[in-house]
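So the chains spell out like this:
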Amino acid sequence: MTHSILRADDLRDMQRQMVRLGHEHPAMLLVSPMASGKTGGFLKLCQELLDSFEVRRILIAAPLRVAETVWPEEAKTWAFSRNLSIADAVGKPAERAAAVDRGAEITVINVENLVWLYEHVGGVRGWPFDCLIVDESSLFKAGKKRTTTTKTRVLKHEAREVAYGAPVSPPEKGEDWMLLSGRKGHRDGPAVPTGLDEQGRGYFDDPFEEWLGTRDTLHLAWQRVRVTAGGNLTRFGVLAAVRKKLHRVYGLTGTPGDVHKLWGQVYLLDLGERLGSSMTAFENRWFDKNQYSYAVTPKEGAREGIMTAVSDIMFALPPPPDLPKATTPEIRVDLSPKILSDYARFKRDLFSEPHEVNALSAGVLANKILQFSAGFMYREDRSVAHIHSAKLDALGQLISVAAGDPLLVFYAFAEDFERIKKLYPKVAKLNETKNFMPRWNNGELKVVAAHPASCSHGLNLQHGGHLAAWYSYIWDREKFEQASTRLPRPGQKWPVSQYRIITNGTDEDRLLSVLADGTATESDMTRMVMRTLAPSGN
């Protein structure tokens, strides 16, 4: 891909403000709108800091795609950064090690590898960087220095011949597997009743005792719980540990989140001077916590108090005046009265008898209703209940109308992608496509499917297309906003249309209204679902 070389005179006013603020504030959180030119502005700051010997080595920590493509590509665009030595520490361990050991002026690494970097350089003693740029500081909003013990459910499916009434041995010896279900014919076939013998072993039964002793091939679903011990340093913990060795720290974000999410981002700047030395202290001072749901609500005056406390370290820039606007045409699809009735009954009862799907809580229901709206639901054993194809049909029509113009399709669940792939076998998956950025920007990819988490920060996709579609939706407002700004960015030459495929009669309209509310939190979205759980008959 050919780059037109830009010079310092080509920096926009907003980028010049970034450079000025960076010089004036050795530690700061910069809230700058998406597509405002943060990468170019901070590359200029890096060049000036290095040339004046204020810093020796700069570490840039960013999401994988941004570290892999955005910073290296942007550095080639500007004359002032083309002569800087830049090492890209992504990829396999040996490749990362070689990049770090080069001693380049700027090292770019994906945030997932910060713990690896800490161990590779020998911890705090061997830490070689004196300047840090965190490109998307909201990734550190949790503020946890150590991992906690976690329990992960592992599922396994297999087809096996079994004898009715006889214990079924687990798929692996020495593992604590629990038999979830067995289905005749295939994963979506009719369920066979199960039971437990006196030793707790699972077996398949027949209530009419017609099959006992006979053998049949069933599709089995197993589950075991894997426990991962905690206590290990997190990526937040790494940056907190080396903070005193850093002369300058810059956090960059377009979406800092609500005030509750500021503690971790600000702590990496001042080690707790403004908002407290721990998340617990921060919450106790400024928030009320629900003892049942653990949801936090700002106390009276908390927002104003927190923003006043960080006013000398947190700065916000206005949206760039030349940012292209995007239209959001709606494509509405209808479901049959029977399916809509099933939807309403499922929300009320938290159980779908026709599809054998349970929602054990409001949180589970929140995802299940989005799956239902998209045309399917996952069962407890991760098999898929197919419900309708209304959205898929609408997407097929949109692909036809696009007539070869590149289309970026956002989806929420893995099954969404599988269904889209059956509809359009040539679809490319963003995070699994080699050389995605240049191929997209050169117009080689006609339909690309992307989960918002895989393209939510920093990707410049405006050169490859101007059409996008939200096939299904997520509860995360930050990722929704970030993904929605991949095409309407400076340099876009065509009007951007972001189609929203909406299933009538479902909660998608309400979800979109909450996502559009800049003050809404994830707790607000969950409460939106919980309001629908009034007992029947009231």
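As the structure is a prediction and not an experimental result, all values here were calculated from the model.

Enquirer: So what's going on with the overall build of the protein? Which residues, and what values?
Expert: A count of helices and strands for the protein gives 17 helices and 25 strands. Its C-alpha atoms give the protein principal-axis dimensions of roughly 85 × 55 × 50 Å. Classification of the 538 residues of the protein by burial places 53% in the buried group. Sequence-distant contacts in the protein: of pairs separated by 6 or more residues, those separated by 24 or more amount to 71%. For the protein, the accessible surface area stands at approximately 25,300 Å², while carbon and sulfur atoms represent 50% of it. The protein carries 69 positive and 65 negative side-chain charges, and their two centres are separated by 3 Å.

Enquirer: Could you give me a rundown of the side chain of Asn110, with the residues and numbers involved?
Expert: Secondary-structure assignment places Asn110 in strand β4 (residues 106-110). Given the relative accessible area of 5%, Asn110 is considered buried. In terms of polar contacts, Asn110 uses its side chain to reach the side chain of Glu112, at 3.0 Å. A distance of 2.9 Å separates polar atoms of two side chains, one belonging to Asn110 and the other to Asn113. What Asn110 contacts, discounting residues up to four positions off in sequence, is Ala62, Pro63, Leu64, Ala67, Ala89 and Val90.

Enquirer: Could you give an account of the packing of aromatic side chains, naming the residues involved and the relevant values?
Expert: The full count for this structure, using the stated rule, is 15 aromatic pairs. A centroid spacing of 5.9 Å and a plane angle of 35 degrees characterise the contact between Phe236 and Tyr267, whose relative ring orientation is tilted. With Phe236 in helix α6 (residues 235-242) and Tyr267 in helix α7 (residues 262-270), the pair connects residues that are 31 residues apart, well separated along the chain. Phe236 sits in the buried class, given a relative accessible area of 3%. Their ring planes at 35 degrees and their centres at 5.9 Å tell us that Tyr411 and Phe417 sit as a pair that is tilted.

Enquirer: Before we move on, could you go through helix α2 (residues 38-51) and cite the residues and values that matter?
Expert: Compared with the 20 Å implied by 1.5 Å per residue over 14 residues, the 20 Å span of α2 between its first and last C-alpha is a close match. In terms of burial, α2 is largely enclosed, as twelve of its 14 residues are buried. Burial in α2 covers these residues: Lys38, Thr39, Gly40, Gly41, Phe42, Leu43, Lys44, Leu45, Cys46, Gln47, Leu49 and Leu50.

Enquirer: Describe in detail the pairing of strand β10 (residues 215-228), supporting the description with residues and values.
Expert: Pairing between strand β6 (residues 150-163) and β10: 14 bridges, direction antiparallel. Opposite Arg153, over in β10, you have Val225 as the bridge partner. With six bridges connecting them, strand β7 (residues 178-184) and β10 associate as antiparallel partners. The residue bridging Lys184 from the neighbouring strand is Leu218, located in β10.

Enquirer: Residue-level account of the pattern of salt bridges, with values.
Expert: Considering all chains together, one arrives at 26 salt bridges under this definition. Between Arg20 and Glu24 there is a salt bridge, and its shortest N-O distance comes to 3.3 Å. Of this pair, Arg20 and Glu24 both sit in helix α1 (residues 13-24), four residues apart, which is roughly one turn of the helix. Relative accessible area serves as the criterion here: at 41%, Arg20 is assigned to the partly exposed category. For Glu24, a relative accessible area of 45% puts it in the partly exposed group. A salt bridge links Lys76 to Glu73; the shortest N-O distance between them is 3.6 Å. With Lys76 and Glu73 both in helix α3 (residues 64-77), this residue pair falls three residues apart, about one helical turn. With a relative accessible area of 40%, Lys76 lands in the partly exposed category.

Enquirer: Now, about unusual backbone geometry: what can you tell me, with residues and values included?
Expert: Most peptide bonds are trans, and most residues other than glycine sit at a negative phi. Even without being glycine, Leu271 reaches a positive phi, approximately 55 degrees. In this model, Arg382 sits at a positive phi of 70 degrees, which is unusual for a non-glycine residue. In this fold, Arg382 is placed in the loop between β19 (376-378) and β20 (384-386). With relative accessibility at 36%, the residue Arg382 sits in the partly exposed group.

Enquirer: Tell me about the packing of helix α5 (residues 114-121) against α6, residues and numbers included.
Expert: Contact geometry of α5 with α6 gives a least axis separation of 8 Å together with a crossing angle of 45 degrees. Judged by the inter-axis angle, α5 sits oblique to α6. Where α5 abuts α6, its residues Leu114, Val115 and Tyr118 lie against Arg235, Val238, Leu239, Ala241 and Val242. Per-class residue counts for the contact of α5 with α6 are seven nonpolar, no polar and one charged.

Here is what the cut-offs are and how they apply
Residues numbered from 1 in each chain as written. Predicted model: local features only at pLDDT ≥ 70, side-chain atom pairs only at ≥ 80, totals over all residues. Heavy atoms only, no water. Helix = DSSP H or I, 4+ residues; strand = E, 2+ residues; numbered from the N terminus. Buried < 20%, exposed > 50% of the residue type's maximum accessible area, 1.4 Å probe, protein only. Contact = heavy atoms within 4.5 Å. Areas by Shrake-Rupley, 256 points an atom, 1.4 Å probe, with all protein chains shown as cover. Lys, Arg positive; Asp, Glu negative; His and termini not counted. Charge placed at Lys NZ, Arg CZ, Asp CG, Glu CD. Polar contact = N/O pair within 3.5 Å; in protein donor to acceptor, adjacent residues only side chain to side chain. Phe/Tyr/Trp six-rings, centres within 6.5 Å; stacked < 30°, edge-to-face > 60°. Expected span 1.5 Å × (residues − 1). Pairing = 2+ DSSP bridges. Salt bridge = Lys/Arg side-chain N within 4 Å of Asp/Glu carboxyl O. Axes fitted to C-alpha atoms, helices over the stretch in contact; angles between N-to-C directions. Parallel < 35°, antiparallel > 145°, perpendicular 65-115°, else oblique. Nonpolar A, V, L, I, M, F, W, Y, C, P; charged D, E, K, R; others polar.

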